[in-house]
Amino acid sequence: MENSKPHLHAVIVSSPGVGHLVRDLELGNRLVIDHNVHVTFFVVVESHSSAGESELVQSAKARKLLDLIELRPVDISDKVQPNAKKFTRLTAVMTEIRPTLRSSISSLKLSPTALFVDIFGTSVLNIADEFHMLKYVFVSSAWPLALMLYAPVLDKKVQGEYVVQKEPLRLPSCMPVRPEDVADPLLDRTNGEYRVFLQVGLEMRESDGLLVNTWEELDTPTLKAMREEEGYGSVPVYAVGPLIKPVKPLSTRSGLLDWLDEQPVESVIYISFGSAGVLSAQQITELAWALELRQQRFIWVLRPPSKDKGCSDPLAMQNTKPHAALLASPGMGHLIPILELGKHLVTLHGFEVTPSRSLCKHSSTYSVIMRESLPSLRSAITAMKILPKVLDDVFGIAQQFGMRKYFFDTCNTRLLALITYFPTIDKEEEYNHINKKQPLQLPGCAPVRFEDTFEPYCNPNDPMYVVSLRIGVEIPMADGILVNTWQDLEPITLIALIDDEIWRQVIKVPIYPIGPLVKLRQVEQQVPRGNKVLEWLDMQPSVSVFYVSFGSGGTLSKSQIAELAWGLELSQQRFIWVVRPPTDNGVHGSYFNNTHDEIETPNYNYLPEGFVTQTHKMGMLVPTWAPQEMILAHNSVGGILNGVPMIAWPLFAEQRMNAMMLMEEPGVAIKSKVLESKGFLGREEIEKLVRKVMEEKEGMEMRVRVKELKCSGEKAFSKGGSSYNSLCQVAKDCKA
């Protein structure tokens, strides 16, 4: 016998926008398929509907699960300003659609029993009362819903603008809302959009129920709070998600999917800002550079920047976060610490940070590169909506814009001491150090041997000599000096610079040891498994592999490469060698030309004949670049040429100072005396050094000191540690 009971009939009204339409259509589909409900689906069309909306509508019509009715566009030009925000515009559209909707519902053959709207359609809920329907609101997530329901209460409780409150906004039994995270309509309580937002919250409270596109396990505390706390209006809340559009096979393949098929598993970052999200031209540029720096595969749904010049961004106008601009000179050794400093300022201290880097496509000097970057930097800062309060490393521009200025020493405190003290020495001391090669006495610090001195100070006729003197004079003119070090790494030098009376006359500004600033990424997430280097390391015994690298730009001569190759073979130790072709441009020949591109078929014809075949079981050669952080963290790596414990092999710039510091203060490096006297290491000397680090007592003792130093570094940067407190003081000064 046929069931004579009439179908339940639900009306769903979807506001414009792909995001709303996808969810609302899926709600309708589930009501039909799972609950035998007849659904009439009203689509509110705008004159400029997107291709995505049109495709969704046509697909729903073809499926024939829903009775789909398109409502003609309405004119709201006399209701809202042309540059009105999304919330105001969409609620106005839904308000103006009411007469058409009322007429359409009255003409339906089967009387509806329930009306469903989304967050922008609460103004049509009164139509449900006219037709004696139940009325429901379908929203996308639980926590924003809690804020909307509680907003009328906050309106009475909180004085002044929400974005300037010092404490988070308290929601009963829910996670509090930080002032900077409030919804856009709450940014300006004097704006009409704020009143619309409050009205929507009140109208939701009058509904028969709220459907949330979530599930109980995902939002347990928030759902429980809205059901039990009277402050939310005591309206029933139903978790009905996740309602998402099911993935179906495409009838035709796309180039995008073909490209994805060629990528390793879980290796691609997907970037999208929804169906309507757009960024400024400046933000698009920064995102583009960040993607390049990250060296990860990506898909970016890219839209042109917003061209609306007349619409002010209320968040930018009322943003109370301190804003820091960071400028990094060329080279990964400078760029990585600068980026890590920026990350810590953002995550630990609530800063807005704009990092910049100086680009160079030809061999040049630092001074030329940085000088040529100044006009671009000045222009970029001028274009910012929120001018920075802090600028790292370019003092003239900082003064022009009224910013605090800081110098960030990414190397070590010993180098800082030498650079700032050198301009103060007399002619006799300068002559003795450069011409007689006598050690230079630094107050309270270990003397600097000529063999270890900063490279530009070796030759007064070098243009960089004058530049370095100028830098030494300018550094103490900052508001503060940040150093990528910590107390236990350089205790003698730090104590001297901070406490010694002579140094107080040389450097009169605070010195902040804020290190170690290293990449804060879990090892497993840095490079997808499938990397040949890591797979090879997985097969080696613990603490058995020697890692050889000369940084992002260091290169050796052909004869020195040959001696290093034979020295590694003679040592009979397993090794990974990041090997670059020899260059005639000096030891820093590839510094401004280095690349991270993988070379599928590297040519090692500059290595000694037979070396590759004779060592293929004990060693691995990596052309140009390797995932260094992961290699150094791997359990099989026991000794390295560029890290700790280490054999120091300085090539250029401040590397001799770095080597001296690591040998003398923490005692975690060794260096060949032959290298100092001849500037060249033979294979026997290399073999001896490698064995010393990997097999002998001195290497074992160094490894113990390295572990102790690692623990002290982690403690220094943990909450309450010396470096953590130093960066807190910098942040406090910037916010003052």
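Right above here is the structure, for reference.
All of these numbers come straight from a predicted model, not from anything done at the bench.

## Side note on unusual backbone geometry
Residue Pro242 is bonded to the preceding Gly241 through a cis peptide linkage, with omega at 0°. By the secondary structure assignment, Pro242 is in the loop between strand 7 (237-239) and helix 9 (255-261). Cis geometry is found at the peptide bond from Gly515 to Pro516, where omega equals 0°. Of note in this structure, Lys437 is not a glycine but carries a positive phi near 60°. Structurally, the position occupied by Lys437 is in the loop between helix 16 (427-434) and helix 17 (463-474). Given a relative accessible area of 46%, Lys437 falls into the partly exposed group.

## A look at the sheet that holds strand 7
The parallel open sheet is built from seven strands, whose spatial order is 3-2-1-4-5-6-7. Both edges of this open sheet fall to strand 3 (67-71) and strand 7, since each of them pairs with a single strand only. Strand after strand, the sheet turns through a mean of 25° between neighbouring axes, direction not considered. Here five bridges tie strand 2 (residues 37-44) to strand 3, and the two strands are oriented parallel to one another.

## Examining helix 7 (residues 192-205)
With 14 residues, helix 7 extends 21 Å from end C-alpha to end C-alpha; this agrees with the ideal 20 Å at 1.5 Å per step. Here helix 7 has its buried residues at Glu193, Tyr194, Phe197, Leu198, Val200, Gly201, Met204 and Arg205. Each buried residue of helix 7 sits inside an arc of 155° when the element is viewed along its axis, so together they form one side. Buried residues along helix 7 sit against helix 3 (86-96), strand 5 (134-139), helix 6 (142-157) and strand 6 (209-212). The N-terminus of helix 7 is capped by Asn191, whose side-chain oxygen sits 2.8 Å from the backbone nitrogen of Glu193.

## Re the pattern of salt bridges
Applying the stated criterion across every chain, the model contains 25 salt bridges. Where Arg178 meets Asp181, a salt bridge forms, and the shortest distance between an N and an O atom there is 2.7 Å. A residue is classified by how much of its surface remains accessible, and Arg178, at 42% relative accessible area, is partly exposed. Here Asp452 makes a salt bridge to Lys671, at a shortest N to O gap of 3.1 Å. On the criterion of sequence distance, the pair formed by Asp452 in the loop between helix 16 and helix 17 and Lys671 in the loop between strand 21 (669-670) and helix 26 (673-678) is long-range, its members being 219 residues apart. One exposure class covers both Asp452 and Lys671, and it is buried. Counted as one network, the salt bridges with shared partners bring together Glu26, Arg30 and Asp34.

## Focus: the packing of aromatic side chains
The tally for this structure, following the rule as stated, stands at 15 aromatic pairs. Each ring, one from Phe550 and one from Trp649, has its centre 5.3 Å from the other, and the planes form 90°; the classification is edge-to-face. Taken together, the positions of Phe550 in the loop between strand 16 (545-548) and helix 22 (558-571) and Trp649 in the loop between strand 20 (646-647) and helix 25 (655-664) put the pair 99 residues apart, joining distant regions of the chain. Feature note: the residues Phe422, Phe454, Tyr457 and Tyr465 constitute an aromatic cluster, connected by ring pairs. The ring of Tyr162 carries the charged tip of Arg189 above its face, separated from the ring centre by 4.3 Å.

## What about the side chain of Thr40?
In this fold, Thr40 is placed in strand 2. Polar side-chain contacts of Thr40 include one of 2.7 Å to the side chain of His9. Once residues within four sequence positions are removed from consideration, Thr40 is found in contact with His9, Ala10, Val11, Ile12, Asp67, Ile69 and Leu108.

Calculation notes
- Here the residue numbering is sequential within each chain, running from 1 through the sequence in written order.
- In keeping with the model being predicted, local features are shown solely for residues with a pLDDT of at least 70 and side-chain atom pairs are shown and tallied solely at 80 or more, while totals for entire chains, interfaces and linings include all residues.
- By convention in this description, side-chain values take in all heavy atoms of the structure and omit both hydrogens and water.
- Numbered from the N terminus, helices here are DSSP runs of H or I no shorter than four residues, and strands are runs of E no shorter than two.
- Residue exposure (1.4 Å probe, protein chains only): buried if accessible area is under 20% of the type maximum, exposed if over 50%, otherwise partly exposed.
- A strand pair is defined by DSSP finding two or more bridges across the two strands.
- A fitted line through C-alpha atoms represents every axis, and for helices the fit uses only the stretch in contact; the resulting angles, taken between N-to-C directions, go from 0 to 180 degrees.
- Take the number of residues in a helix, subtract one, and multiply by 1.5 Å to get its expected span.
- Within this analysis, the arc is defined by the directions that extend from the helix axis to the C-beta atoms.
- Note on contacts: a residue pair qualifies if any of its non-hydrogen atoms lie within 4.5 Å across the two residues.
- For the purposes of these results, a polar contact is taken to be a pair of N or O atoms within 3.5 Å, where, inside protein, one atom must be able to donate a hydrogen and its partner to accept one; residues adjacent in sequence count only when each atom of the pair is a side-chain atom.
- Whenever Lys or Arg places a side-chain nitrogen within 4 Å of a carboxyl oxygen from Asp or Glu, that contact is recorded as a salt bridge.
- Two rings from Phe, Tyr or Trp (for Trp, the six-membered ring) form a pair when their centres sit within 6.5 Å of each other. Planes less than 30 degrees apart are called stacked, planes more than 60 degrees apart edge-to-face, and all others tilted.
- Distance and angle both matter: a charge sits over a ring if NZ of Lys or CZ of Arg is within 6 Å of the ring centre and within 35 degrees of the ring normal.

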